[in-house]
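Here is what each chain is made of, one letter per residue.
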Amino acid sequence: MIHNVAVETHPEIPLWNDPALSVTTRVSALIEAMTPEEKIAQLYGVWVGASDEGGDVAPHQHDMEEAVDLDALLPTGLGQLTRPFGTAPVDPALGALSLLRTQARIASANRFGIPAVAHEECLAGFAAWGATAYPVPLSWGATFDPDLVHRMASAIGRDMRSVGVHQGLAPVLDVVRDARWGRVEETIGEDPYLVGTIGTAYVRGLEGAGVVATLKHFAGYSASRAGRNLAPSPMGPRERADVLLPPFEMAVREGGARSVMHAYTDTDGVPAAADEDLLTGLLRDTWGFDGTVVADYFGIAFLKTLHGIAADWAEAAGAALRAGVDVELPTVKTFGAPLVEAVAAGRVPEKVIDRALRRVLTQKALLGLLDPDWNPVPAALDGADLDDPEALRGRIDLDGPRNRELARTVAEEAVVLLSNDGTLPLARPRRIALVGPNADEPTAVLGCYSFPQHIGVHHPATPVGIDLPTLRATLAAEFPDTEFTLAHGTGVDDGDVSGIPEAVRAAREADVVVAVLGDRAGLFGRGTSGEGCDVESLALPGAQQRLLDALLDTGTPVVTVLLAGRPYALGRAVTEAAAIVQSFFPGEEGTAALAGVLSGRTAPSGRLPVSVPRGAGAQPTTYLGARLAHASEVSSIDPTPAFGFGHGLTYTTFAWSDLAVDVEQAPTDGEFSLALTVRNTGERHGTEVVQLYLHDPVASVVQPVQRLVGYTRVPLAPGEARRVRAVVPADLASFTGRDGHRVVEPGALELRFAASSTAPPLTATVTLTGPPRRVDHTRRLHAVFGQEPSAGG
């Protein structure tokens, strides 16, 4: 019976199987017993697809690789199984059965009984058929709510672990530098502190559920020239250190991430996959990371084919191993026969194999995969009759009510109200013209790494697997007495304008127009947002701006709703639309969240994690620009955003007052304590997001005009006030100095409490005294916030 499959042991348990011994001792004994071929086999994965009939997985044949013969590979062992659930639509229970049978096969085929680590994508939920599709990471950033993201990640991790998955390829910690990049939807935002705090919360949730979190893409992927996917990154060392590395540093230090994925990019001519200073010197020697570094898919082979720093596969493998890459993904290529032959010939020293192997086996030991009682049956199939696969179909629900409730909460908190002339919330309109390409499109809420958009599109005959109500359906339920007229007007990107006259007629006959615009997620040009879907400008795709302008010309109030993966310039709508509502691919509960905001059933509380541009061609720009990056009289290009980072409205108003600073001077190793009062001055409950920015007017190297160093959500009932306090360590003023080391310099600073990067702040001028102080990765990373009822509240 499969129930009882476990590692076969001799009467005397081998050292590596003895849980009474230290992991170090067990791993050392196992390495000593292995042949070079067995060692190398633990350092690569094989891309597979689970069987929908519960049989063994089948190797996935990718167009970039040759077919893999599992029977030939397995006697020496196998390091990883790539995406057993995320390669084809498979019932979760039968996928779990397929995976456990394959794990039993792998363990029994090698002489040490070692199973593989199974990994999956989880950028917007577990990327499996029938699993909950949560909002994309850009929506996580819009919540400004790490605790909520932690809860979501915990739920995702529990689902993954329950069916036998060990590792998740998330979160993406790339900081947006150019919104034309197609993968903006996968990021958390354009600010390193927001990315770091939200990303670290996700890591803690995933790791707390027993799933290895994988930080990606380390480092510099999002800084590519012109926003082109996989293009060189022209950044200098200071931009890398102060903008792109801090989220990874935070997630390693505070999140407990056990894996890191190298980036595809090269920086100043050095590919990340071959960057020893980055993958070993910084990540391991300085930050103390002791987990595994895995390759981005095909990234090691790219050292030969794209980067041109290796003459053959063996040289590529050796360069990656020396730099600190431990595992080749998604499938065996350079770490297979070429590496075996290179080790035998002395081209690659066996010690670099052993170094990577020790990390891989240590992780397997900590996951219980070397224990004598290891069993491949996952928790979700415990007690099931595994000999009757069809009886298992439908047994596992990866999209239960608790998941959907959590997905809706995230989606609701992520909705950003950009502008509102009082039209919202809608007051029971008699006739609504529902216009736009995303008004009646079920998948308009999904990102490119959601299962339906990533894999499901290749299987059109298979049901989507989850309920995806359209905005048309949820609005009809939200406004049962309202008459709706639907007119698409144009497609997402087809440029067809023939439907605009019909949309205009519908608008003129309605009390209000809800124009639902934005993106279609896809990969490599199949969408307008997603991996490989980079754009030349931030104009709305296709003819959507023409449609929007025509609707504005009707004089009927136009509520613009965006379901998108990146921010877009909106032209006249910025000043002429009755309201603008931004939602970044909000997942399967997204349309219900939007309907609730439009009706006023829920109050919006999201804030922009990326700036919304005023012009379509002012990229690249982010709010983190130095003085020379802002508008000036010597350039005809004005990069000032229409709506800045951190911006977001709600259905009430807030008053900020009584800023106080305990001390206005502190040494460079000290801290400041500040407080202010926030009062809800409106008639509805609302949540204010208090953001703390630091402005350094004079520094030894050029600094951003301001940068986020802290934030907190403040929920308030009508008339309620709270005193918000923040303790701000001097370490938050540190930056990379001219000598390449991080320093806190004496001098005046401004600490700005604001509702966004563009809102008028309450500013405290403080001074750091004493000598410059060098700090390192042990510095303090956070301001500490507290809230209490105001004496006047």
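Computed from a predicted structure; not experimentally measured. (Residues numbered from 1 in each chain as written. Predicted model: local features only at pLDDT ≥ 70, side-chain atom pairs only at ≥ 80, totals over all residues. Heavy atoms only, no water.)

When its secondary structure is counted, the protein chain shows 22 helices and 28 strands. Relative to a compact globule of 793 residues, whose C-alpha radius of gyration would be 28 Å, the protein chain shows 27 Å and is just as compact. Referenced to the eigenvectors of the C-alpha coordinate spread, the extents of the protein chain come out at roughly 80 × 65 × 50 Å. When the 793 residues of the protein chain are sorted by exposure, 63% land in the buried category. (Helix = DSSP H or I, 4+ residues; strand = E, 2+ residues; numbered from the N terminus. Rg over C-alpha atoms; globule rule 2.2 N^0.38 Å. Buried < 20%, exposed > 50% of the residue type's maximum accessible area, 1.4 Å probe, protein only.)

Scanning all chains against the criterion turns up 15 aromatic pairs. Centroid distance Tyr 623 to Phe 645: 4.6 Å. Interplanar angle 5°. Geometry classified as stacked. Taken together, the positions of Tyr 623 in the loop between helix 22 (590–599) and strand 17 (654–661) and Phe 645 in the loop between helix 22 and strand 17 put the pair 22 residues apart, joining distant regions of the chain. In this structure, Tyr 623 and Phe 645 share a single accessibility class: buried. Of the aromatic side chains, those joined through ring pairs into one cluster are Phe 144, Tyr 193, Tyr 623, Phe 645, Tyr 693 and Tyr 711. Of note, Lys 216 hangs over the ring of Tyr 449, and the distance from its end group to the ring centre comes to 5.8 Å. The aromatic ring of Trp 313 is capped on one face by Lys 304, whose charged end is 4.7 Å from the ring centroid. (Phe/Tyr/Trp six-rings, centres within 6.5 Å; stacked < 30°, edge-to-face > 60°. Lys NZ or Arg CZ within 6 Å of the ring centre and 35° of its normal.)

So, about helix 10 (residues 276–286). Listed as buried for helix 10 are Leu 278, Leu 279, Thr 280, Leu 283 and Arg 284. Angular distribution of buried residues about the axis of helix 10 spans 160°; they occupy a single face of the element. Turned more than 90 degrees from where helix 10 packs its buried face, Asp 277 and Asp 285 sit exposed. Backbone geometry just downstream of helix 10 places Gly 288 in the positive-phi region, at approximately 80°. (Arc of directions from axis to C-beta.)

In spatial order, the strands read 23-24-27; together these 3 strands make up an open sheet with antiparallel pairing. Each edge of the open sheet is held by one strand with a lone partner, namely strand 23 (735–736) and strand 27 (773–774). (Pairing = 2+ DSSP bridges.)

With that settled, the discussion passes to unusual backbone geometry. Residue Ala 219 is bonded to the preceding Phe 218 through a cis peptide linkage, with omega at -5°. On the secondary structure map, Ala 219 appears in the loop between strand 6 (212–218) and helix 8 (237–244). Going from Leu 424 to Pro 425, the amide bond is cis rather than trans, its omega being -5°. Counting through the fold element by element, Pro 425 comes out in the loop between strand 11 (416–420) and strand 12 (431–435).

With that out of the way, let us pick up helix 8. Given 3.6 residues per turn, any residue in an α-helix points the same way as the ones three and four places further on. Residues of helix 8 that are buried include every one of Arg 240, Asp 242, Val 243 and Leu 244, and no others. Those residues of helix 8 that are buried lie in contact with helix 7 (192–208), helix 9 (246–255), strand 8 (266–267), helix 10, strand 23 and strand 24 (742–744). (Contact = heavy atoms within 4.5 Å.)

Let us now look at the pairing of strand 1 (residues 45–49). Burial analysis of strand 1 places 5 of its 5 residues in the buried class, the great majority of the element. Side chains Gly 45, Trp 47 and Gly 49 project from strand 1 onto one buried face, and the interleaved Val 46 and Val 48 project onto a second face that is buried too. Judged from the 3 bridges that link them, strand 1 and strand 3 (residues 80–82) form a sheet pairing that is parallel. Bridge pairing in strand 3 links Gly 45 to Gln 80.

This model, assessed by the stated rule, comprises 6 cavities of 30 Å³ or more. As for the largest cavity, its lining consists of 16 residues, and the residues nearest its centre are Phe 126, Ala 128, Ala 131, Phe 451 and Pro 452. Among the residues forming the lining of the largest cavity, the class breakdown is 12 nonpolar, 4 polar and no charged. In terms of lining, the second largest cavity is formed by Gln 42, Gly 79, Gln 80, Val 117, Gln 167, Thr 292, Val 327, Val 360, Gln 363 and Lys 364. When residues in the lining of the second largest cavity are grouped by element, the largest group, 3 residues, is from helix 14 (residues 350–366). (1 Å grid on protein atoms, 1.4 Å probe; cavity = no way out; pocket = protein on both sides within 12 Å on 5 of 7 lines; lining within 4 Å. Points joined across faces, edges and corners; volume = space filled by probe spheres on them. Nonpolar A, V, L, I, M, F, W, Y, C, P; charged D, E, K, R; others polar.)

What follows covers the sheet that holds strand 15 (residues 558–564). With mixed pairing, the 6 strands of this open sheet are ordered in space as 11-16-15-14-12-13. Each edge of the sheet is formed by a strand with only one pairing partner; in this case those strands are strand 11 and strand 13 (483–487). Looking at each pair of strands side by side, their axes are set apart by 15° on average, direction ignored. With 5 bridges connecting them, strand 12 and strand 13 associate as parallel partners. Across the sheet, residue Arg 431 finds its bridge partner in strand 13, namely Glu 483. (Axes fitted to C-alpha atoms, helices over the stretch in contact; angles between N-to-C directions.)

This paragraph deals with the pattern of salt bridges. Applying the stated criterion across every chain, the model contains 40 salt bridges. One salt bridge connects Arg 713 with Glu 413, and the closest N-O pair in it is separated by 3.6 Å. One end of the pair, Arg 713, is in strand 21 (residues 707–716); the other, Glu 413, is in helix 16 (residues 401–414), with 300 residues separating them in the sequence. Of the two residues, Arg 713 and Glu 413, both sit in the buried class. Here the salt bridges do not stand alone but share partners, grouping Asp 399, Arg 404, Arg 408, Glu 588 and Glu 589 into one network. (Salt bridge = Lys/Arg side-chain N within 4 Å of Asp/Glu carboxyl O.)

Grouped together as the largest cluster of nonpolar side chains are 192 residues, with contacts concentrated most on Phe 126, Tyr 202, Phe 218 and Leu 381. With residues up to four places along the chain from it excluded, the contact list for Tyr 202 reads Cys 122, Trp 140, Val 149, Met 152, Ala 153, Ile 156, Ala 170 and Pro 171. One finds Leu 417, Leu 468, Val 597 and Leu 598 within the second-largest nonpolar core, a separate group that totals 29 residues. (Core = buried A, V, L, I, M, F, W, Y, C linked by side-chain atoms within 4.5 Å.)

Moving on: the packing of helix 18 (residues 471–478) against helix 22. Two elements in contact, helix 18 and helix 22, have axes separated by 9 Å at closest approach and are oriented at 45°. Classified by the angle between their axes, helix 18 and helix 22 sit oblique to one another. In this structure, helix 18 meets helix 22 at a crossing whose hand is right-handed. Contact residues: Leu 471, Thr 474, Leu 475 and Glu 478 in helix 18; Thr 591, Ala 592, Leu 594, Ala 595, Gly 596, Leu 598 and Ser 599 in helix 22. (Parallel < 35°, antiparallel > 145°, perpendicular 65-115°, else oblique. Left-handed = near helix turned anticlockwise from the far one by under 90°.)

This part covers the pairing of strand 21. Among the 10 residues in strand 21, 9 count as buried, and that is most of the element. Pairing geometry for strand 20 (residues 686–695) and strand 21, over 9 bridges, is antiparallel. Bridged to Val 689 within strand 21 is Arg 713.

Looking now at the environment of Trp 656. Residue placement: Trp 656 occurs in strand 17. For the pair Trp 656 and Asp 354, spaced 302 residues apart in sequence, the C-alpha to C-alpha distance is 59 Å. Apart from the residues lying within four places of it in its own chain, the contact partners of Trp 656 are Leu 676, Thr 677, Val 678, Glu 688, Val 689, Val 690, Gln 691, Phe 753, Ala 754, Ala 755 and Leu 762.

Okay, the packing of helix 7 against helix 9 next. Helix packing for two helices is described by the angle between their axes and how far apart those axes are. At a minimum axis separation of 8 Å, helix 7 and helix 9 run at an interaxial angle of 35°. When you trace helix 7 past helix 9, the crossing you get is right-handed. Contact with helix 7, carried on its side by Pro 192, Tyr 193, Val 195, Gly 196, Thr 197, Thr 200, Val 203, Arg 204 and Glu 207, involves Pro 246, Pro 247, Met 250, Ala 251, Glu 254 and Gly 255 of helix 9 and no other residues of that element. Residues that form the contact of helix 7 with helix 9 fall into these classes: 8 nonpolar, 4 polar and 3 charged.

Here the focus is the confidence of the model for the protein chain. Looking at the protein chain as a whole, the pLDDT averages 95, with 98% of positions reaching at least 70. Contacts from residues 1–10, a stretch scored under 50 in pLDDT, to residues over four places away or in other chains number 25 contacts. (pLDDT = per-residue confidence, 0-100.)

Okay, the environment of Glu 121 next. With respect to the helices, strands and loops of the structure, Glu 121 is situated in the loop between strand 4 (117–120) and helix 5 (137–143). Residue classification places Glu 121 among the buried positions, given a relative accessible area of 3%. Once the C-alpha coordinates of Glu 121 and Gly 525 are considered, the two residues, 404 residues apart in sequence, prove to be 20 Å apart. If sequence neighbours within four positions are ignored, Glu 121 has contacts with Arg 83, Phe 126, Ala 127, Leu 169, Lys 216, Tyr 297 and Tyr 449.

Within the secondary structure, Gly 747 is located in strand 25 (residues 747–754). The class of Gly 747 is partly exposed, set by a relative accessible area of 26%. Along the sequence, Gly 747 and Thr 560 sit 187 residues apart, while their C-alpha atoms lie 46 Å from each other. When residues no more than four places from it in sequence are discounted, the contact partners of Gly 747 are Val 766, Thr 767 and Leu 768.

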